[in-house]
Amino acid sequence: MVRQPHRRPVLPISVLLVLLAPLTAMAASPKPCVPANQASKMLKKDVCVSAHVYDVVQLPDGTRFLDVCTPQTPDDACRFTIVSLWQDHEDVGELRKYRDMDVQVRGIVQPMHGRAGMVLSHARQFYGGPPKFKPNPLLARGFSADQSRPPVNDPNLRSQGAPRAFMNTRDQEPRPAK
């Protein structure tokens, strides 16, 4: 009689897929977008806002606004706006194509002159992507890329008056003479 080696039971791939499907569905489902009138209550939060763009207004300095309030709403009663600054016009692209369309924009809701607003700094925000990264100018003050010093003034990065060495010179043993 030949003895068979002990085999572990193997789960079929279909069983594994069924067991893992709820986990992947939860991880892949994005947060639902909130309407523009509710977004004004979510200050300092990264949210997706769904709105209808009634008009695109451009100021003489190049700043553009997506008007998400109905034409019947007076300007002082409109509590939310989407702003695109002139320095971001290349990354954002043409906004007039969004006139009379429903859009979904992701960004951080910020207080802006008595109302809530969102800065549109990159076109990927229309597709659920993050806004463009802008460094804090107070942290990088006085820094230039051609300098050899670090961009922040951190005392832990300074040499404290003397060059750093692996060992203190007082602790080193004298070298034998040759």
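Structure: above.
Everything numeric here is computed off the predicted structure, so don't read it as measured data.

### Here we look at unusual backbone geometry
With glycine set apart, most residues show a phi of negative sign, and most peptide bonds adopt trans. In the Ramachandran plot, Lys44 falls in the positive-phi region, its phi being about 65° despite a non-glycine side chain. Summarising the element assignment, Lys44 is placed in the loop between α2 (36-39) and β2 (46-53). Backbone geometry places Asp100, a non-glycine residue, at a positive phi of 60°. The topology assignment puts Asp100 in the loop between α3 (89-92) and β6 (101-112). With a relative accessible area of 55%, Asp100 lands in the exposed category.

### Observations regarding the pairing of β2
Judged from the two bridges that link them, strand β1 (residues 34-35) and β2 form a sheet pairing that is parallel. What sits directly across from Pro35, in β2, is Ser50. With eight bridges connecting them, β2 and β6 associate as antiparallel partners. From the neighbouring strand, Val47 faces β6, where its bridge partner is Gly107.

### Here's the deal with the sheet that holds strand β7 (residues 115-119)
If you walk across this open sheet you meet the seven strands as β1-β2-β6-β7-β5-β4-β3, and the pairing is mixed. Two strands bound the open sheet, and with one partner strand each, they are β1 and β3 (55-58). Bridging between β3 and strand β4 (residues 64-67) involves four bridges; their strand directions are antiparallel. Within the sheet, the bridge partner assigned to Gln58 lies in β4 and is Arg64.

The rules behind the values
- All residue numbers here refer to positions counted from 1 along the written sequence of the relevant chain.
- In keeping with the model being predicted, local features are shown solely for residues with a pLDDT of at least 70 and side-chain atom pairs are shown and tallied solely at 80 or more, while totals for entire chains, interfaces and linings include all residues.
- The basis for every side-chain value is the complete set of heavy atoms in the structure, and neither hydrogens nor water enter the calculation.
- The secondary structure listing takes helices from DSSP runs of H or I that are at least 4 residues long and strands from runs of E that are at least 2 residues long, numbered from the N terminus.
- For every residue, the accessible area obtained with a 1.4 Å probe (protein chains only) is divided by the maximum for its type, and the residue is called buried under 20%, exposed over 50%, and partly exposed between those limits.
- We treat two strands as partners when DSSP finds at least two bridges between them.

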